[in-house]
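Examining the three-dimensional arrangement
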Amino acid sequence: MGRGPGGGTLQGTLDDIFPKLLPLIFTLLCWWLMSKKKVSPIITMLILLVVAFVGSVIGFFGAATIATAGA
């Protein structure tokens with residue numbers, strides 16, 4: 001369920017290997033940016049927003065398909 005014709009989503013594939021790995025990676029990325037690189041929390045949230053948007057648009061995160069006109 002939730003797997004597309006391309007073989008599945010990134011989260012689904014990672015869950016098969018190590019459950020909840022993708023959220024852990026993003027949490028550690030946020031921690032690393034804010035503590036080691038001294039990036040503000042606002043900039044960190046904007047980075048995550050851009051990554052989520054781009055990943056959804058290109059289908060990397062297995063987002064629902066965007067409805068097209070006439071469909």
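The coordinates are above.
As the structure is a computational prediction, the values presented were derived from the model and not from experiment.

The rules we used
Residues numbered from 1 in each chain as written. Predicted model: local features only at pLDDT ≥ 70, side-chain atom pairs only at ≥ 80, totals over all residues. Heavy atoms only, no water. Helix = DSSP H or I, 4+ residues; strand = E, 2+ residues; numbered from the N terminus. Buried < 20%, exposed > 50% of the residue type's maximum accessible area, 1.4 Å probe, protein only. Patch = residues over 30% accessible without salt bridge, like charges linked within 9 Å, V, L, I, M, F, W, Y side chains within 5 Å. Areas by Shrake-Rupley, 256 points an atom, 1.4 Å probe, with all protein chains shown as cover. Salt bridge = Lys/Arg side-chain N within 4 Å of Asp/Glu carboxyl O. Axes fitted to C-alpha atoms, helices over the stretch in contact; angles between N-to-C directions. Left-handed = near helix turned anticlockwise from the far one by under 90°. Contact = heavy atoms within 4.5 Å.

Let's talk about the environment of Leu21
Tracing the chain through its elements places Leu21 in helix H2 (residues 21–35). Assessed through its relative accessible area of 22%, Leu21 is described here as partly exposed. A C-alpha to C-alpha distance of 8.1 Å links Leu21 and Gln11, two positions ten residues apart in sequence.

So, a nonpolar patch on the surface
Nonpolar side chains collect at one region of the surface, where Ile17, Phe18, Leu24, Leu28, Leu29, Trp31 and Trp32 lie side by side and expose about 710 Å² of accessible area between them. Here the element with the most residues in the nonpolar patch is H2; it accounts for five residues. Checked against the element boundaries, Leu29 lands in helix H2.

Notes on the packing of H2 against helix H3 (residues 41–57)
Two elements in contact, H2 and H3, have axes whose closest approach is 10 Å; the angle formed by their N-to-C orientations is 145 degrees. Regarding H2 and H3, the two cross each other, and that crossing is right-handed. Packed against H2, whose contacting residues are Phe26, Cys30, Leu33 and Met34, the element H3 presents Pro41, Thr44, Ile47, Leu48 and Val51 at the interface.

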